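Below are the chains, spelled out letter by letter.
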8 protein chains.
Amino acid sequence: MPRRSRRTGEVRADREREVGHYARLDHDRGRRVGVPEIVLAEGKTVEHLLGIVRSLREDGRGGFVSRPTAAQRRALRSLPAGGPRLEFLAGDRLVRVPGPLGLHYRDGTVAVLAAGTSDVPIAEEARALLQGLGIRVVHAYDVGVAGLHRLLRALARLERARPETYLVFAGREGALPTVVAGLVQAPVVGVPTSFGYGRGGRGEAALAAMLQSCAPIAVVNIDAAVPAALFAAQRLAVPGPRPRRLRP
Amino acid sequence: MPRRSRRTGEVRADREREVGHYARLDHDRGRRVGVPEIVLAEGKTVEHLLGIVRSLREDGRGGFVSRPTAAQRRALRSLPAGGPRLEFLAGDRLVRVPGPLGLHYRDGTVAVLAAGTSDVPIAEEARALLQGLGIRVVHAYDVGVAGLHRLLRALARLERARPETYLVFAGREGALPTVVAGLVQAPVVGVPTSFGYGRGGRGEAALAAMLQSCAPIAVVNIDAAVPAALFAAQRLAVPGPRPRRLRP
Amino acid sequence: MPRRSRRTGEVRADREREVGHYARLDHDRGRRVGVPEIVLAEGKTVEHLLGIVRSLREDGRGGFVSRPTAAQRRALRSLPAGGPRLEFLAGDRLVRVPGPLGLHYRDGTVAVLAAGTSDVPIAEEARALLQGLGIRVVHAYDVGVAGLHRLLRALARLERARPETYLVFAGREGALPTVVAGLVQAPVVGVPTSFGYGRGGRGEAALAAMLQSCAPIAVVNIDAAVPAALFAAQRLAVPGPRPRRLRP
Amino acid sequence: MPRRSRRTGEVRADREREVGHYARLDHDRGRRVGVPEIVLAEGKTVEHLLGIVRSLREDGRGGFVSRPTAAQRRALRSLPAGGPRLEFLAGDRLVRVPGPLGLHYRDGTVAVLAAGTSDVPIAEEARALLQGLGIRVVHAYDVGVAGLHRLLRALARLERARPETYLVFAGREGALPTVVAGLVQAPVVGVPTSFGYGRGGRGEAALAAMLQSCAPIAVVNIDAAVPAALFAAQRLAVPGPRPRRLRP
Amino acid sequence: MPRRSRRTGEVRADREREVGHYARLDHDRGRRVGVPEIVLAEGKTVEHLLGIVRSLREDGRGGFVSRPTAAQRRALRSLPAGGPRLEFLAGDRLVRVPGPLGLHYRDGTVAVLAAGTSDVPIAEEARALLQGLGIRVVHAYDVGVAGLHRLLRALARLERARPETYLVFAGREGALPTVVAGLVQAPVVGVPTSFGYGRGGRGEAALAAMLQSCAPIAVVNIDAAVPAALFAAQRLAVPGPRPRRLRP
Amino acid sequence: MPRRSRRTGEVRADREREVGHYARLDHDRGRRVGVPEIVLAEGKTVEHLLGIVRSLREDGRGGFVSRPTAAQRRALRSLPAGGPRLEFLAGDRLVRVPGPLGLHYRDGTVAVLAAGTSDVPIAEEARALLQGLGIRVVHAYDVGVAGLHRLLRALARLERARPETYLVFAGREGALPTVVAGLVQAPVVGVPTSFGYGRGGRGEAALAAMLQSCAPIAVVNIDAAVPAALFAAQRLAVPGPRPRRLRP
Amino acid sequence: MPRRSRRTGEVRADREREVGHYARLDHDRGRRVGVPEIVLAEGKTVEHLLGIVRSLREDGRGGFVSRPTAAQRRALRSLPAGGPRLEFLAGDRLVRVPGPLGLHYRDGTVAVLAAGTSDVPIAEEARALLQGLGIRVVHAYDVGVAGLHRLLRALARLERARPETYLVFAGREGALPTVVAGLVQAPVVGVPTSFGYGRGGRGEAALAAMLQSCAPIAVVNIDAAVPAALFAAQRLAVPGPRPRRLRP
Amino acid sequence: MPRRSRRTGEVRADREREVGHYARLDHDRGRRVGVPEIVLAEGKTVEHLLGIVRSLREDGRGGFVSRPTAAQRRALRSLPAGGPRLEFLAGDRLVRVPGPLGLHYRDGTVAVLAAGTSDVPIAEEARALLQGLGIRVVHAYDVGVAGLHRLLRALARLERARPETYLVFAGREGALPTVVAGLVQAPVVGVPTSFGYGRGGRGEAALAAMLQSCAPIAVVNIDAAVPAALFAAQRLAVPGPRPRRLRP
């Protein structure tokens, strides 16, 4: 429970939990910035990742692990049972550590589109995270711009849900977010995926195209499904009591 | 005035105004996607730009021209007086063509930050556009991360206005949006500016750093002040009657 | 007049015209490969360019000069009058040296599209060249993908001319050729233009996007209007007598 | 069977077949744009690819799968026998799903050249696809520019077939399409291959060289054998009844 | 023992030890430039690496091996026991060959910071090397800029040790060295790590951001923990007798 | 004069001076981080730059302006005389605003080397700044690696001054810092200059070569003479009373 | 045996040997351009490579195979014994097919230098090829510029052999060829190797540095040991009877 | 006159001439490495360049200045007459300072080819330098690969002079050196020129293509006419008495 300062009524913003000498969990992040604890597994040693997840469970806190490697998933699956059971989502690309996240979100809908079948696994990562946060998601996949009728039909359906943000995933030439932004009223966030080959492959062409879009979209990095989902979620976050600010 | 279909009650979305053989103004864009008519002057011939602005004035419609060159500004200034007077804003980087924009915005505040003095002219472009749309803006400039106390003091002031979006402009190493996103609850959009030199200059380092941010921010292209402002504005757009959709 | 070999009936393919020590005009190119003499002015000294154009006129042959600089245009305009008058086309981006080209083309139509007003000058370069070759052109400009209704209406008109090739010019995110290729039966050649700014500007994003297109389009280099027009024209070339081949 | 509108006589262009929630087959693409159903396997999950192929077979439609991975090939080979037998072509780089493609092609020949032995597997992918579409192919391999006599001898043979398009595959320095385009009358499409090493390897030098060609060739992405083949095929497509257009 | 010239009193600087025909150990480097013998294992054959380490042991000299591969580690571990025992440090990323290094360092402290948990293994490489040289190290890990309170608390602790140099490791957006350099008086060396993904991943964004820093920091290459540690150590090196210089 | 806290004896670190709405001078930087006020003129409007310099003079504080453009220099030269006279140094690349800098440096020498004559103007910028800070500089220019005898002779002279840091400027192939680092005991900071042409020109090759150096050097950005000089100076800074830290 | 034309006395230059449909051996290359048959194995299928080697042996001709993969080496080793025995050289990076090469070389020496131990395997590839051609080689390895005394001692030895060309291999910062070219009279060819890491790794920095060299060296691609050796060998080639030229 | 050591008979190699504090002329370079004094004007201040040329004239030595800017040329032309008259060659791209160069060359021929008219000015720079050194040059211009008959005819002529080296200049796709290297026996050095546009323009495509050449050519940097000429000249240099070496 956050301590409240007697003098100012502010809540201390800076509770941190040290894990070994290699990690410091930021337990007030949710309240402070409207974003839950999400651990990017990619690049961490198995030992460090396990230590972090164990700490979360010991503290009775919830969170997410994104993009675990096969070795990391095996280790996570062999954690002793004495705590909430980890949930493996979106084809194992996202792991949920059940428990209180320290923040909540108001009603609202996010739309998730994927240009091609190859973009689906990345898009699912965002959809699973948003649903894990309790946010409503509508979606349509394989609606790329080389077959416009598929897209128009899908948008007609999605628009009925009046989404507050569109997350549009596309690899290759990355044109979908631009086309969508010319047809809907809500802000569009483009997520380039690493699908593609040759020059501009690995998402470089899609990212460049989205940055050059002649429609006013915003963009995240290649395959950055989780940051995109959090950006959309933040708009729906219900602010808690303001944490005490750093003193300038 | 938009024609309304007798059969469906929908409004036709596709009124276009042809200018010479080189331009087609999209007169329903405002109603359709919550974004006004904005003409990027950069890259257009003086003749084409003048033709477009004349059309807007003839039709009694408002809009904006961004980034006119010196030659284009001279031509715009010499337009005959028989219409609303063009307004030159943000150090002449933005020109307002007064008139109805075909859309409006609900109450709400956008925060604009600039990391250094060199980023100010770009940031002012966004601020002028948002104010031109009738949206409230709070701002703080020269609050870069190498002197944190300046930033913390400024944020304390801005947060009191409870902005719905932060637009954070930074060149050089582009760290400011990440630091801000760790301190505020509203979504942060990073705008890399072309300030910098040597490797990663011209905004490349700032853009890359923002795309790699360890906080969930969204990004626009280098110096893309206008798209960033429109993205923030779209969130406040009040939808008109839905225009008739393209038939799939 | 090409010499015909008595032994094989073949025509010699290799007549060249030396100009100073710096140029060798390839007078059989038209007959050999279905492409006229086109001199790219960019990068040549004024003296060299003048020498080449003088040679063409002395030999009573026609051709084109593309992308003359201001200094080159002045020099070309001051050439003595004793020959066919040079024609300055497409906003002076193309110069026609009247005279026989040594090849001709069958009936057929090429469609030229430009995504935005800023792409028009480049597209006009291709249109002027094709018309200079006697090929029929249909065109539509400012039909970018952020306002699909404009595009669909234009395509309905263009398709009635049953074009054999589409040349589609687009800068920024370069999405137009992909969208067009999903709607028409003729082959689409994408021409990225150098319109754009920031990362992927100068046509890099558009080129990469076209190379990554999920539709089977072919591409030329940035702003390469003349090569694109020639590629489309070659399909309509009527082969002359086969020139004698190089002996392996 | 396409439905024909009673009012306009047009055929509906937009029949789609949904597969799971991850794919929408575009069953009228052949008729609409002259290109068959081709599924790029690369980047798709095994499960998604199998689902798509099963749908094609259930609907009694033909198509192609390009670049299956080893795992995907194993899965495709273990599909139950109750349908047309999949054909593995071009060293397993292309898989044919027998069945009607919904389009056909007029007589005509495409020439396929490969600069070196290492480019042969990519070139074979194009040759197999064109032959699978019923189009005549002539070819010559290992005819790179460092030994011109080999090339000249091969071209003499190929020219006798009067090909309508040349597809020229080259890695390393990518010079072959330029040299060929100086010797033949038909349009040349360059296909850079990923053969090469060090700076400019992976096809980057070849692609750049083809884009910079001093002959008017068009280009596709690195290793893009299938798009190149389709681009060449489209020229020979016999248009069906025009599908109903999207309504602007 | 270095030979001293009778005439000048200088010590010969150029004793080298040839190993096979593939290596020449520079036995006076320590005395000459204040840096010990460090063998970068990456890129060497197992045979060559073993030969070098054997030579060191035969000569009774100490040194370090950095970044051995798994195969190299196995080979090193199976070296016969007849010499000082190799020590495997920092998760096996650094191997110490015990023995005299031919140089020593005065008292002084170096601070090592790592922005995230994923940067820890690289930072540990520097810490282990510095400690192996007998230099005092203070450190703090997971103190990235998205949670400033963690950083400020850690700096308060580190500053009490009055470090002479800060080595600051950061991947992703690489902002930490800039923020630290705005808060401490000692010189800051930024070490970009290869942690990150998509555009600017593999450390490119972090490196570019550090080069663009608005604070006066110096930088080393991506993951260059050992060079950074040596650069910091050199400042503490106690010069031996000047070796004889190369004669100009 | 800094206020001293009665409770902790700490000095407040955060005095800022606002200039217009576009700049906030950080008056405690010198004391806090050992670096004086240096304004990078490049990228600032003339008006903003003048405002900042006027503020410095009004407050009776000293500082530097680096890389003023011709227009900025003219404006600075026309400032009214009622204050200390600006000094234009290093071929006008550096401007000194006389006055107290709020910090001082202990005795010590920095060595400045330039590989070629073309690198001299950049190196002079560093030399002028260091001398402006009261630090002793020894230097040698045009001592590139293609004529080693020149370098060896110069180093023999410089070493006698026992410099604490070497700043080594080199364009083209950037080899000089590596060679120097193999010959001297003090730390070497490489400064790539923008001298060069073709591939790797504009300093890119020199920067890359210095980052890849097989000697443990540190690096700054291309032409970053001022940051390099400050980095070297910081080592000689005499810490004032510790400013009050930001409260975590 | 080359056929000699009765009319001109010239020898036909264009004998080719077709292997399957995938390769055409250029049996007159040696006589025509002074370079033997060398097959780059990298990128070829095992089947194609075997076919080529079998053809060479059937025709009783010699040649080389460079950079076979493990699978290719296994296949080559299992070729039936009924012909000259393949020789595996330079750590299996080069394979010699014994037999007449169709060219010979005059007396002359080539010097091979390698900057570091990691560059040795690449340098050995060149040394083995040159020796296989009967050319004398002198060499020195691990003579990088961070320890100049090692280099100077080695050069003193190599110069005594009066080499006609220096091949200088270096990765990392690639400075060695520049330094050598300032000390010797023979032309220097720089060979960047792929040794290095981080920015500019994989040989990119070394290549760029060599292209920017302030000494007049020539360069080949990264790791291009075989082309470098052939370039040096060509200078020593004794021309045979001029082959008949292609007829213009 | 070089001093000769009494003890060893060697000539001192290291005479340097200091010019101001910004340049050190290397007066023994010619004798030491077979290359004359050549000053790259690009990047030097007018004052520095003049100082160097004045020194050369005062010392009665010859040399060359390459690529003077317009301002530098004006300054050079206004030098007082009291010395040998400067000669402006190759369209003013090269300036000869008459006087002894300190080296001479044996008989021998270099061939210079340029692919297009735009490459001629760069090629002329090399031709003028070689002729200035007294070396025989044969040349052919505008012989690009898109019209092979022109090239074959030119090569037939050039080969009669039995050149020892070919310098082949090409921009755009850079294919000419590869084609030439397949037809002649002498070594080929490719010189990419900056002619071209769009992706791979400014010589990048030509350079990459030459580095990837399937023939064993060597390469210099973009537009590096002078280094290429010196590399070819060095082969013809007649060594003087060996200068005294640096003592290891």
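Above this text you will find the structure in question.
Residues numbered from 1 in each chain as written. Chains lettered and ligands numbered in written order. Predicted model: local features only at pLDDT ≥ 70, side-chain atom pairs only at ≥ 80, totals over all residues. Heavy atoms only, no water.

## A look at the overall build of chain A
Along its length, chain A carries eight helices and 11 strands. Relative to the globule expectation of 18 Å for 248 residues, the C-alpha radius of gyration of chain A, 19 Å, shows essentially globular dimensions. Taking all 248 residues of chain A together, the buried fraction comes to 68%. Put simply, 67% of the contacts in chain A that link residues at least 6 apart link residues at least 24 apart. (Helix = DSSP H or I, 4+ residues; strand = E, 2+ residues; numbered from the N terminus. Rg over C-alpha atoms; globule rule 2.2 N^0.38 Å. Buried < 20%, exposed > 50% of the residue type's maximum accessible area, 1.4 Å probe, protein only. Contact = heavy atoms within 4.5 Å.)

## Overview of the interface of chain D and chain C
Contact residues are listed per partner, giving 41 residues for chain D and 41 residues for chain C. For the pair chain D and chain C, the interface holds zero salt bridges. Connecting chain D to chain C are seven residue pairs in polar contact (both at pLDDT 80 or more). For the side of chain D that touches chain C, the elements supplying multiple residues, two or more each, are α1 (29–33), α5 (148–159), β10 (188–192), α7 (204–211), β11 (218–219) and α8 (225–234) of chain D. Of all the elements, α5(D) adds the most residues to the side of chain D that touches chain C, at five residues. Along the lines of polarity and charge, the residues of the side of chain D that touches chain C split into 24 nonpolar, eight polar and nine charged. (Salt bridge = Lys/Arg side-chain N within 4 Å of Asp/Glu carboxyl O. Polar contact = N/O pair within 3.5 Å; in protein donor to acceptor, adjacent residues only side chain to side chain. Nonpolar A, V, L, I, M, F, W, Y, C, P; charged D, E, K, R; others polar.)

## Thoughts on the packing of helix α4 (residues 120–132) of chain E against helix α8 (residues 225–234) of chain E
Residues and elements named next belong to chain E. Put simply, α4 and α8 touch, their axes get as near as 8 Å, and they point 40° apart. Compared by their axis directions, α4 and α8 come out oblique. Seen along the crossing, α4 lies across α8 with a hand that is right-handed. The segment α4 lies against α8, with I122, E125, A126, L129 and L130 engaging A225, V226, A229, L230 and A233. Residue composition of the contact of α4 with α8, by class: nine nonpolar, no polar and one charged. (Axes fitted to C-alpha atoms, helices over the stretch in contact; angles between N-to-C directions. Parallel < 35°, antiparallel > 145°, perpendicular 65-115°, else oblique. Left-handed = near helix turned anticlockwise from the far one by under 90°.)

## A short note on the relation of the copies chain D and chain C
Once chain D is rotated about the relating axis by 180° and shifted along it by 0.0 Å, it coincides with chain C to within an RMSD of 0.0 Å. The symmetry that links the two subunits is that of a two-fold axis. Every residue of chain D has its C-alpha some distance from the rotation axis, and the shortest such distance is that of V219(D), at 2.6 Å. (Least-squares fit on C-alpha atoms with pLDDT ≥ 70 in both.)

## Thoughts on the environment of Q212(E)
Here Q212(E) is to be found in the loop between α7 (204–211) and β11 (218–219). With relative accessibility at 0%, the residue Q212(E) sits in the buried group. Along the primary structure Q212(E) and R85(E) are separated by 127 residues, whereas in three dimensions their C-alpha atoms are 44 Å apart. Ignoring anything within four residues of it in the chain, the contact list for Q212(E) reads R172(B), E173(B), G196(B), Y197(B), G198(B), R199(B), G200(B), G201(B), A205(B) and N221(F).

## Some details on the arrangement of the chains
Across all C-alpha pairs, the smallest distance from chain D to chain E is 16 Å, and the two are not in contact. You won't find any contact between chain C and chain F; their C-alpha atoms come no closer than 16 Å.

## Describing the interface of chain D and chain A
Where interface size is given, it is often the accessible area lost as the parts come together that is meant. Tallying the contact residues gives 26 residues for chain D and 23 residues for chain A. Carbon and sulfur atoms make up 52% of the area that chain D and chain A hide from each other, which totals about 2000 Å². For R199(A), the salt bridge identified is with E204(D), shortest N-O distance 3.3 Å. At the level of elements, β2 (23–26), α1, α2 (46–58) and α7 of chain D are the ones that each hand at least two residues to the side of chain D that touches chain A. Here the residues of the side of chain D that touches chain A sort into 10 nonpolar, five polar and 11 charged. (Buried area = accessible area lost by both parts, 1.4 Å probe.)

## Section: the relation of the copies chain D and chain A
Two chain copies here: they are related by a rotation about an axis and a translation along the same axis. Aligned on chain A, chain D shows an RMSD of 0.0 Å; the corresponding rotation is 90° and the shift along the axis is 0.0 Å. A rotation of that kind, with that shift, is consistent with a four-fold axis. Within chain D, the C-alpha atom positioned nearest to the axis of rotation is that of R202(D), 9.6 Å from it.

## Focus: the pairing of strand β1 (residues 16–19) of chain H
All names here are of chain H. The pairing of β1 with strand β2 (residues 23–26) spans four bridges and is antiparallel. What sits directly across from E18, in β2, is R24. Between β1 and β2, which pair antiparallel one after the other, the connecting turn spans three residues, and G20 there sits at a positive phi close to 55°. (Pairing = 2+ DSSP bridges.)

## Focus: the packing of aromatic side chains
In the structure shown here, the tally under the stated rule is four aromatic pairs over all chains. Ring plane angle 35° and centroid distance 6.1 Å describe the contact between F231(A) and F231(B), whose orientation is recorded as tilted. On the criterion of chain membership, the pair formed by F231(A) in helix α8 (residues 225–234) and F231(B) in helix α8 (residues 225–234) is interchain, its members lying in two chains. Positioned over the ring face of F88(B) is R77(B), at 3.9 Å from the centre of the ring. When the ring centre of Y197(A) is taken as reference, the NZ or CZ atom of R67(D) above it lies at 5.8 Å. (Phe/Tyr/Trp six-rings, centres within 6.5 Å; stacked < 30°, edge-to-face > 60°. Lys NZ or Arg CZ within 6 Å of the ring centre and 35° of its normal.)

## Considerations on the sheet that holds strand β4 (residues 63–66) of chain E
All names here are of chain E. One open sheet holds the four strands; their spatial order is β3-β4-β6-β5, and the pairing between them is mixed. Looking at the sheet topology across the chains shown, the edges are occupied by β3 (38–40) and β5 (87–89). Mean inter-strand twist for the sheet, computed between neighbouring axes without regard to direction, equals 20°. Pairing geometry for β3 and β4, over three bridges, is parallel. Residue V39 lies in a different strand from β4, and its bridge partner there is V65. Along the sheet face, helix α2 (residues 46–58) touches β3, β4 and β6 (94–97) and points at about 35° away from the line of β6. Strands β3, β4, β5 and β6 of the sheet are contacted by α4, whose axis makes an angle of about 15° with β6.

## Points about the state of the cysteines
Scanning the entire structure with this criterion turns up zero disulfides over all chains. Counting only cysteine sulfurs, C214(A) is the nearest neighbor of C214(C), a cysteine outside any disulfide, at a range of 16 Å. (Disulfide = S-S within 2.5 Å.)

## Overview of the pattern of salt bridges
Tallied over the full model, the rule gives 138 salt bridges over all chains. Of the charged contacts in the structure, one is a salt bridge between R235(A) and E164(A), with a shortest N-O distance of 3.6 Å. Here R235(A) is found in the segment after α8, whereas its partner E164(A) is found in the loop between α5 (148–159) and β9 (165–170), with 71 residues between them in sequence. By relative accessible area, R235(A) is classed as buried at 12%. For E124(E), the salt bridge identified is with R127(E), shortest N-O distance 2.8 Å. Placement of both E124(E) and R127(E) in helix α4 is noted, with a separation of three residues, approximately one turn of the helix. As far as burial versus exposure is concerned, E124(E) and R127(E) are alike and both buried.

## A word on unusual backbone geometry
With glycine set apart, most residues show a phi of negative sign, and most peptide bonds adopt trans. Of note, the phi angle at D92(B) is positive, near 70°, even though the residue is not glycine. Locating D92(B) in the fold gives a position in the loop between β5 (87–89) and β6 (94–97). Phi is positive for D142(C), which is not a glycine, with a value near 60°. Of note, D142(C) is situated in the loop between β8 (136–141) and α5 (148–159).

## Examining the environment of A41(C)
All names here are of chain C. Relative to the helices and strands, A41 is located in the loop between β3 (38–40) and α2 (46–58). Separated by 26 residues in the primary sequence, A41 and R67 place their C-alpha atoms 5.6 Å from one another. In contact with A41, other than residues within four places in its own chain, are L49, V65, S66, R67, P68 and Q72.

## Some words on the pairing of strand β10 (residues 188–192) of chain H
All names here are of chain H. Of all five residues in β10, five are buried, a share of seventy percent or more. Going residue by residue along β10, you find V188, G190 and P192 tucked away on one face and V189 and V191 tucked away on the opposite face as well. The sheet contact formed by strand β9 (residues 165–170) and β10 spans five bridges and is parallel. Bridging across to β10, A170 finds its partner in P192. A crossover connection joins β9 to the parallel β10 through helix α6 (residues 176–181); in handedness this β-α-β unit is right-handed. For β10 and strand β11 (residues 218–219), the ladder comprises two bridges, and the chain directions are parallel. Among the inter-strand pairings, G190 is bridged to a residue of β11, identified as V219. Taking the sense of rotation as the criterion, the β-α-β connection linking β10, helix α7 (residues 204–211) and β11 turns out right-handed. (Right-handed = clockwise from strand over helix to strand, strands pointing away.)

## Description of the sheet that holds strand β4 (residues 63–66) of chain D
Residue and element names in this part refer to chain D. Sheet architecture is open: four strands sit in the order β3-β4-β6-β5, paired in mixed fashion. Since the sheet does not close on itself, it has two edges, and those belong to β3 (38–40) and β5 (87–89), each with one partner. Neighbour-to-neighbour, the strand axes of the sheet open up by a mean angle of 20°, direction not taken into account. Relative to strand β6 (residues 94–97), α2 is tilted by about 35°, and along the sheet it contacts β3, β4 and β6.

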